[in-house]
Amino acid sequence: MHLVCITGPPAVGKMTVGRAVCDLTGYRLFHNHLSIEPLLGIFEFGTPSFNRLNGLIRREVIAEALAADLPGLVLTVAVDLDAPGDRTALRELVAPVERAGAPIDVVELYAPQPVRLAREGSPDRMDHKRSKRDVDWARAHVVDLESRARFSSDPARDGAALLPGHRHLRLDNAHGDARATAERVVAEVGLPRR
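Calculation notes
Residues numbered from 1 in each chain as written. Predicted model: local features only at pLDDT ≥ 70, side-chain atom pairs only at ≥ 80, totals over all residues. Heavy atoms only, no water. Pairing = 2+ DSSP bridges. Helix = DSSP H or I, 4+ residues; strand = E, 2+ residues; numbered from the N terminus. Axes fitted to C-alpha atoms, helices over the stretch in contact; angles between N-to-C directions. Parallel < 35°, antiparallel > 145°, perpendicular 65-115°, else oblique. Left-handed = near helix turned anticlockwise from the far one by under 90°. Contact = heavy atoms within 4.5 Å. Nonpolar A, V, L, I, M, F, W, Y, C, P; charged D, E, K, R; others polar.

Caption draft 1: Quick peek at the sheet that holds strand β3 (residues 72-77). Taken in spatial order, the five strands line up as β2-β3-β1-β4-β5 in an open sheet, and their pairing is parallel. Either end of the sheet is taken by a strand with one partner, and the two such strands are β2 (28-30) and β5 (167-172). Taking the axes of each pair of neighbouring strands and ignoring which way they run, one obtains an average angle of 20° across the sheet. In the sheet, strand β1 (residues 2-7) pairs with β3 via six bridges, with the strands oriented parallel. What sits directly across from valine 4, in β3, is valine 74.

Here is the structure:
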């Protein structure tokens, strides 16, 4: 199984680009809100119980996708680059894939905050992310979250070491054309087409 991990800040287009990559390749999409949304009805975001169960769900889905011998899985996740715990959690997620010797590629998307704030309230986000349906709250949440966390790398400062030993492709997704970004991912990573 080939794991393509799409990272970046909130509303950068991880899920939308991931879906377009899957359309081109036949891979399956496991976007981060598939594990987040069910838990929000019970636990507050970021609490120890929420974090433990969210991590458990993600690890189990990846392990089962590997055991089921899927051709590929696109995983989306936001990683605070300044939080060692976030990097550790990502390494734990990909560990079964690494142990199996399967390929892993990181695709980091970036776009300026005003572009991303304008995306809050889009039909795609409203359809797939219940927690984002209060658009004013969602926009305020992005601003607040980014005042405390860093989700976009600085190549001069960080290099390309989100997952050392694995390719890291960094793409500007400010244009909002998910298909064009997915085409670049497929071409530059060398993913098979349907």
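Moving on from the coordinates now.
Caption draft 2: Structural detail: the packing of helix α3 (residues 48-67) against helix α4 (residues 84-99). Between α3 and α4, the shortest axis-to-axis distance is 9 Å and the interhelical angle comes to 15°. When the interaxial angle is binned, α3 and α4 end up roughly parallel. Taken as a pair, α3 and α4 cross one another with a handedness that is right-handed. When α3 is examined against α4, the residues Gly55, Arg58, Arg59, Ile62 and Leu66 are found in contact with a partner set consisting of Glu92, Leu93, Pro96 and Val97. Across the contact of α3 with α4, the residue classes break down as five nonpolar, one polar and three charged.

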